[in-house]
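Below, each chain spelled out in residue letters.
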Amino acid sequence: MKLVKLLANLGYGSRKQVQLMFREGLVTDADGEVLYADDLVAHEAIRVEGEPLDPPQGLTLMLHKPREYTCSTKDKGRLIYDLLPPRFRERSPLLSSVGRLDRDTSGLLLMTDDGALLHRIVSPKSRLDKAYEVTLAEDLRGDEAARFASGALLLESDDKPLLPAELHVQSPRQAQLVLHEGRYHQARRMFAAVGNHVQALHRSRIGGLSLDGLGEGEWRMLDSADLDTLFTGHLTDA
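Quantities reported herein were computed from a predicted structural model and do not represent experimental measurements.

*Asks:* How would you explain the overall build of the protein chain if you had to name every residue and give the values?
*Replies:* Secondary structure assignment for the protein chain yields 6 helices and 12 strands. Counting only C-alpha atoms and orienting by the principal axes, one finds that the protein chain spans roughly 70 × 35 × 35 Å. Burial status across the protein chain gives 44% buried among its 238 residues. Partitioning the intrachain contacts of the protein chain with sequence separation of at least 6 by distance along the chain shows that 60% fall at a separation of at least 24. Of the accessible surface of the protein chain, which amounts to about 12,800 Å², a share of 49% is contributed by carbon and sulfur atoms. Side chains of the protein chain give 30 positive and 36 negative charges; the mean places of these two sets differ by 6 Å.

*Asks:* For the packing of aromatic side chains, give the residues involved together with the corresponding values.
*Replies:* Scanning all chains against the criterion turns up 2 aromatic pairs. On the numbers, 5.5 Å between centres and 65 degrees between planes, the contact of Phe88 with Trp219 is edge-to-face. Of this pair, Phe88 sits in the loop between β4 (60-65) and β5 (96-97) while Trp219 sits in strand β12 (residues 219-221), placing them 131 residues apart in sequence. Take Trp219: its relative accessible area is 26%, and that puts it in the partly exposed class. When the centroid spacing of 5.2 Å and the interplanar angle of 85 degrees are considered together, the rings of Phe148 and Phe191 count as edge-to-face. Within this pair, whereas Phe148 is found in helix α4 (residues 144-149), its partner Phe191 is found in helix α5 (residues 186-193), the two being separated by 43 residues in sequence. Note on Phe148: relative accessible area 2%, which makes it buried. The class of Phe191 is buried, set by a relative accessible area of 0%. Sitting above the plane of the Phe231 ring, Arg120 keeps its charged end 3.6 Å from the centroid.

*Asks:* Give me the pairing of strand β7 (residues 130-136): which residues, what numbers.
*Replies:* Among the 7 residues of β7, 5 are classified as buried, and the element is accordingly described as predominantly covered. Sheet analysis places β7 next to strand β9 (residues 174-179), joined by 6 bridges and oriented antiparallel. From the neighbouring strand, Glu133 faces β9, where its bridge partner is Gln176. Sheet analysis places β7 next to strand β10 (residues 198-206), joined by 7 bridges and oriented antiparallel. Counted as the bridge partner of Val134 is Leu201 from β10.

*Asks:* Go over the side chain of Ser106 with me, naming the residues and quoting the values.
*Replies:* Considering the arrangement of structural elements, one finds Ser106 in strand β6 (residues 105-112). Under the relative-accessibility criterion, Ser106 is labelled buried at 9%.

*Asks:* Which residues make up the nonpolar core, and what values do they have?
*Replies:* Ranked by internal contacts, the top residues of the largest apolar core, which has 33 residues, are Ile80, Met111, Val134, Phe148, Leu177, Met190 and Phe191. For this core, the secondary structure elements donating two or more residues are β4, β6, β7, β9, α5 and β10. Look past the residues within four positions of Met190 in its chain and what remains in contact with it is Phe148, Leu153, Leu155, Leu162, Ala165, Leu177 and Leu179. Grouped together as the second largest cluster of nonpolar side chains are 16 residues, Val4, Leu7, Tyr12 and Met21 included.

*Asks:* Any chance you could break down the sheet that holds strand β1 (residues 27-29) for me, citing the residues and the numbers?
*Replies:* Taken in spatial order, the 3 strands make up an open sheet running β1-β2-β3, and their pairing is antiparallel. Two strands lie at the open edges of the sheet, namely β1 and β3 (51-52), each paired on one side alone. Sheet topology note: the β1/strand β2 (residues 46-48) ladder contains 3 bridges and is antiparallel. Within β2, the position partnered with Val27 by the bridge is Val48.

*Asks:* I'd love a proper account of the packing of helix α3 (residues 115-122) against helix α6 (residues 224-232), names of residues and values included.
*Replies:* In the contact formed by α3 and α6, the axes pass within 11 Å of each other and the chain directions differ by 25 degrees. By the angle between their axes, α3 is roughly parallel relative to α6. Crossing angle aside, the handedness with which α3 passes α6 is left-handed. Contacts between α3 and α6 involve Leu117, Arg120 and Ile121 from the first element and Leu227, Leu230 and Phe231 from the second. Here the residues of the contact of α3 with α6 sort into 5 nonpolar, no polar and 1 charged.

Thresholds applied
- Residues numbered from 1 in each chain as written.
- Predicted model: local features only at pLDDT ≥ 70, side-chain atom pairs only at ≥ 80, totals over all residues.
- Heavy atoms only, no water.
- Helix = DSSP H or I, 4+ residues; strand = E, 2+ residues; numbered from the N terminus.
- Buried < 20%, exposed > 50% of the residue type's maximum accessible area, 1.4 Å probe, protein only.
- Contact = heavy atoms within 4.5 Å.
- Areas by Shrake-Rupley, 256 points an atom, 1.4 Å probe, with all protein chains shown as cover.
- Lys, Arg positive; Asp, Glu negative; His and termini not counted.
- Charge placed at Lys NZ, Arg CZ, Asp CG, Glu CD.
- Phe/Tyr/Trp six-rings, centres within 6.5 Å; stacked < 30°, edge-to-face > 60°.
- Lys NZ or Arg CZ within 6 Å of the ring centre and 35° of its normal.
- Pairing = 2+ DSSP bridges.
- Core = buried A, V, L, I, M, F, W, Y, C linked by side-chain atoms within 4.5 Å.
- Axes fitted to C-alpha atoms, helices over the stretch in contact; angles between N-to-C directions.
- Parallel < 35°, antiparallel > 145°, perpendicular 65-115°, else oblique.
- Left-handed = near helix turned anticlockwise from the far one by under 90°.
- Nonpolar A, V, L, I, M, F, W, Y, C, P; charged D, E, K, R; others polar.

Put into structure tokens, the structure is as follows:
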């Protein structure tokens, strides 16, 4: 692939803008030698304004999404892309969120431009569990864990009962909920079904991956070891 197209696909600018970067000598190799649009250079040796080139297609990252941010490229207000380098929003293929966290939910969000990986993660066959830390408006009654684990709970407007889920009570109004499927607003709807209301919701884990001290609004790229942990790792919930 020509360097102009490569840099444009990675979001560094339109082809016209990238051509200008070449003319201004902003694209070099690792030794500082100016590169030209038709040069053949290994991806890892390319520098833009002295910085290593972003990863090629296959970029996957985890983001600690704060509340008040929307998983969208077009909605008004704060978007998750505002927390990333601006060029990430312009990558082709698009860097997409793997599923969504609603505007009022914080926590672990995965993003990737690898369509096959995205579908593998969200596929019911993967059965990746997701752990949520929940703060409730009312005290728990005491029967919620049994109802969630029963495999018989039917949400309003659904025609199929939920898979069994685990509720780990931490205090009268705080608990951890572990889900094994991903229905629309599932955690909030589950508590609504037992007469309660979720005041705060935070996703702390997907599969074997947790935030591991990643601060709110921060992100980091994932490598193959992280993806192995996602699918095969096991964390013991507190």
